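Understanding the architecture of this molecule
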Amino acid sequence: MLHIKDLQVSVEDQQILRGINLDVKPGEVHAIMGPNGSGKSTLANVLAGREEYEVTSGTVQFNQQDLLDMDVDERAHAGIFLAFQYPVEIPGVSTMNFLKSAINAQRTARGEAELNPMEMLKLLREKTKLLGMDESFLKRSLNEGFSGGEKKRNEMLQMALLEPKLAILDETDSGLDIDALKIVSDAVNQLRSPDRSFIIVTHYQRLLNYIVPDYVHVLYQGRIVKSGNKDLALQLEDQGYDWIKAEAEAALAQ
Amino acid sequence: MSDSMQTLEQHTQSDYKYGFSSEIDTETLPKGLNEDVVRQISAKKNEPPFLTEWRLEAFRKWQEMTEPHWPKVDYPAIDYQDIIYYAAPRKKPVLNSLDEADPELVRTFERLGIPLEEQKILAGVAVDAVLDSVSVKTTYKEKLAELGIIFCSFSEAVQDHPDLVKKYLGSVVPNHDNYFAALNAAVFSDGSFVYIPKGVRCPMELSTYFRINTANTGQFERTLIIAEEGSYVSYLEGCTAPMRDENQLHAAVVELIALDHAEIKYSTVQNWYPGDKEGKGGIYNFVTKRGLCAGAYSKISWTQVETGSSITWKYPSCILRGDYSIGEFYSVAVTNNFQQADTGTKMTHIGKNTRSTIISKGISAGRSNNSYRGLVKVGRKADNAHNFSQCDSLLMGDRCGAHTFPYLEIENNSARVEHEATTSKIGEDQLFYLQQRGLSEEDAINMIVNGYCKEVFNELPMEFAVEAQKLLAISLEGSVG
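Residues numbered from 1 in each chain as written. Chains lettered and ligands numbered in written order. Predicted model: local features only at pLDDT ≥ 70, side-chain atom pairs only at ≥ 80, totals over all residues. Heavy atoms only, no water.

1. Side note on the pairing of strand β2 (residues 190–196) of chain B
All names here are of chain B. Within β2, six of the seven residues are buried, which leaves the element mostly enclosed by the surrounding structure. Sheet topology places strand β1 (residues 150–153) next to β2; four bridges connect them, and they run antiparallel. Bridge pairing in β2 links S153 to S192. Judged from the seven bridges that link them, β2 and strand β3 (residues 221–227) form a sheet pairing that is parallel. If you follow S192 over to β3, its bridge partner there is T223. (Buried < 20%, exposed > 50% of the residue type's maximum accessible area, 1.4 Å probe, protein only. Helix = DSSP H or I, 4+ residues; strand = E, 2+ residues; numbered from the N terminus. Pairing = 2+ DSSP bridges.)

This is the structure:
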């Protein structure tokens with residue numbers, strides 16, 4: 001589904017990613033961990049097509065398409081979804097109006113008919129209920145005045161509505177209490193399916209208690225320095241990142 | 001070059017192409033302004049002596065005044081002796097069908113959702129008198145007449161209702177109020193007149209069905225609206241279709257009078273030629289708009305969406321003289337390329353328990369400058385006056401400017417005055433967020449801008465609001481990235 005080969009990325013002439021290689025197959029859940037500043041969020045944003053990041057080398061294939069050649073909205077239409085670390089507020093735009101526009105824009109791009117208002121309302125009600133949200137939420141301005149937990153829940157609602165092929169969660173767990181964490185992980189677990197993949201970027205292991213990943217990768221100084229299964233995350237929780245850093249630096253010194 | 005600019009340019013060329021200025025016109029006075037010209041204008045319009053005198057008085061005062069230079073706008077000096085002050089209405093070139101009109105212009109009409117019949121009239125297509133729009137117009141005129149509502153051109157009002165004109169003309173904006181208002185008083189050509197009798201609620205938005213009539217009004221337009229005790233009227237001015245005019249200087253005056261318990265809602269959508277990409281050739285719009293809440297519990301509400309003109313100098317204001325009267329100002333002003341806007345309002349609290357609300361939303365793009373200038377004045381006797389002002393500026397790109405000049409003059413300690421102001425940039429973050437969810441860049445910008453303007457659009461009559469949203473989208477095309 002997703003093939004990242006030797007991906008190198010700079011921001012304002014500073015190199016952040018120094019050659020990432022990663023393969024994600026349909027249905028897999030990959031966790032990307034690493035200390036602060038290792039390039040985790042950069043990877044998530046580059047895949048979604050954020051402009052400030054300059055790809056200096058490497059390729060990214062997504063379902064046989066050259067992802068790096070596509071605009072942000074085209075990537076969304078192709079099935080890439082980014083759950084933001086800091087969802088932005090857009091005053092005066094109702095959440096309902098935004099969700100309708102997003103759903104219909106994606107449907108149109110895929111050559112499907114737009115949902116009529118009744119179908120739309122039914123879908124929105126069904127999914128808000130699924131996420132244990134109150135419908136009054138839909139009438140509020142998009143993310144404006146939302147608490148941290150509400151913003152993240154809104155991200156999960158969007159994910160459930162847009163049914164992406166690849167969902168990337170960028171530190172979705174940061175700043176969440178245990179209840180909100182449960183909501184995020186329940187949403188992901190409900191959406192896990194054989195043809196949907198996830199990349200979960202996180203600093204802490206605790207989210208992975210609820211979302212069990214197939215693979216765990218450790219990013220350090222712009223490279224994946226270690227990969228393993230869920231046990232690697234537990235080991236990191238136990239021992240911190242220092243041993244990884246030491247290993248990586250030793251490897252570099254050779 | 002953005003589509004809207006192309007449309008406007010082509011529209012400009014199309015006027016030229018069809019020989020707009022080649023008509024021989026015998027009803028035109030020579031260039032320049034003097035007492036004789038003022039007298040001749042009055043004579044050509046067969047005006048009663050009081051009006052001729054009023055014009056002359058305005059002209060004499062105007063001669064002693066100087067053009068104001070305090071607005072934050074910049075333009076070359078205007079030669080007032082190089083302007084023709086009277087020309088009989090010119091005939092638009094007549095086409096046989098819309099197929100002959102400029103396709104770009106027709107495309108813009110379609111995008112704005114302007115009904116086909118109106119498109120034809122705006123494009124200068126000959127319209128058969130039995131068409132629906134015309135009969136609708138007649139039906140409504142009859143209905144208004146039954147209720148005693150007068151809605152006619154200013155010239156007609158001067159002939160048919162001279163007493164009303166004499167009583168109210170200049171009662172809100174005196175003929176020497178300011179430089180441009182004095183000029184208008186001396187030479188105004190025509191405009192609209194509305195009179196709503198006591199207790200009558202006007203059953204329709206005035207000029208929704210008539211706005212085509214106002215599409216070709218002149219350079220010095222004058223509007224007078226009188227709402228008698230307990231009456232209500234909603235008046236719509238302007239048109240979302242791109243308007244090209246060979247007159248560069250426009251100096252209109254609008255006077256509103258609301259008596260006890262009366263309410264006037266005045267909505268404007270202005271989309272005059274803003275000039276080319278270098279800002280050349282656009283219209284200078286120097287307007288004086290003022291409403292007098294003369295009676296207790298009266299209410300005047302101004303709503304404006306300003307996207308056109310190269311220079312806008314405009315401060316729709318309210319004088320709150322009646323106790324418990326209410327003044328409101330809702331504004332969206334968009335400037336792009338080299339446009340300059342200095343706009344805002346004045347709320348003058350005189351009566352007791354008067355309230356005013358100001359919501360101003362400026363949007364600057366390109367290399368334009370957009371200023372909000374507002375005065376809230378609370379007089380000595382205006383006990384318990386309350387004002388709320390909110391002035392927001394949205395910047396698109398980094399070569400444009402937004403400025404806010406709020407003035408307060410408070411002479412009564414019981415006044416409550418609240419002011420909020422924000423300046424924000426249309427965020428890369430916001431655009432990225434919306435595009436990541438599948439919206440195109442254009443749709444994403446529209447969604448952000450419409451959200452920003454929502455409080456103002458909510459005040460517009462429904463169909464006007466829909467057109468205004470589309471107009472905003474076209475005005476801002478290509479302004480990010």
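After presenting the structure, the write-up continues.
2. Overview of the domain arrangement of chain A
All names here are of chain A. We note that the domain assignment places domain 1 (2–85 + 167–253) and domain 2 (88–145) within chain A. At the interface, four residues of domain 1 touch six residues of domain 2. Between domain 1 and domain 2, roughly 450 Å² of surface is buried when both sides are summed, and carbon and sulfur atoms account for 58% of that area. Remark: the boundary between domain 1 and domain 2 carries zero salt bridges. The interface formed by domain 1 and domain 2 holds zero residue pairs in polar contact (both at pLDDT 80 or more) in total. Residue assignment for the side of domain 1 that touches domain 2 shows that the elements contributing at least two residues are α2 (72–78) and α6 (178–191). (Domains from an automatic or database assignment. Contact = heavy atoms within 4.5 Å. Buried area = accessible area lost by both parts, 1.4 Å probe. Salt bridge = Lys/Arg side-chain N within 4 Å of Asp/Glu carboxyl O. Polar contact = N/O pair within 3.5 Å; in protein donor to acceptor, adjacent residues only side chain to side chain.)

3. Remarks on a nonpolar patch on the surface
All names here are of chain B. On the surface, a cluster of nonpolar side chains totalling about 240 Å² of accessible area is made up of L408, I410 and V417. With respect to the secondary-structure elements, V417 resides in strand β18 (residues 416–425). Residue V417 is classed as partly exposed on the basis of its relative accessible area of 30%. (Patch = residues over 30% accessible without salt bridge, like charges linked within 9 Å, V, L, I, M, F, W, Y side chains within 5 Å. Areas by Shrake-Rupley, 256 points an atom, 1.4 Å probe, with all protein chains shown as cover.)

4. What to know about the packing of aromatic side chains
Residue and element names in this part refer to chain B. The full count for this structure, using the stated rule, is 24 aromatic pairs over all chains. Seen in terms of ring centroids, W62 and Y80 are 5.5 Å apart; in terms of plane orientation they differ by 75°. Their pairing is edge-to-face. With W62 in helix α3 (residues 49–64) and Y80 in the loop between α3 and α4 (103–112), the pair connects residues that are 18 residues apart, well separated along the chain. Using a relative accessible area of 8% as the deciding quantity, one classes Y80 as buried. Measuring from ring centre to ring centre gives 4.7 Å for Y297 and Y324, while their planes differ by 0°; the resulting arrangement is stacked. Taken together, the positions of Y297 in the loop between β8 (284–293) and β9 (299–306) and Y324 in the loop between β11 (317–320) and β12 (326–335) put the pair 27 residues apart, joining distant regions of the chain. Judged by relative accessible area, Y324 falls into the partly exposed class, the value being 40%. An aromatic cluster is present here, built from F59, W62, W70, Y75, Y80, Y179, F180, Y284, F286, W313 and Y315 joined pairwise through their rings. Across from the ring centre of Y232, 4.1 Å away, lies the NZ or CZ of R201, which sits over that ring. (Phe/Tyr/Trp six-rings, centres within 6.5 Å; stacked < 30°, edge-to-face > 60°. Lys NZ or Arg CZ within 6 Å of the ring centre and 35° of its normal.)

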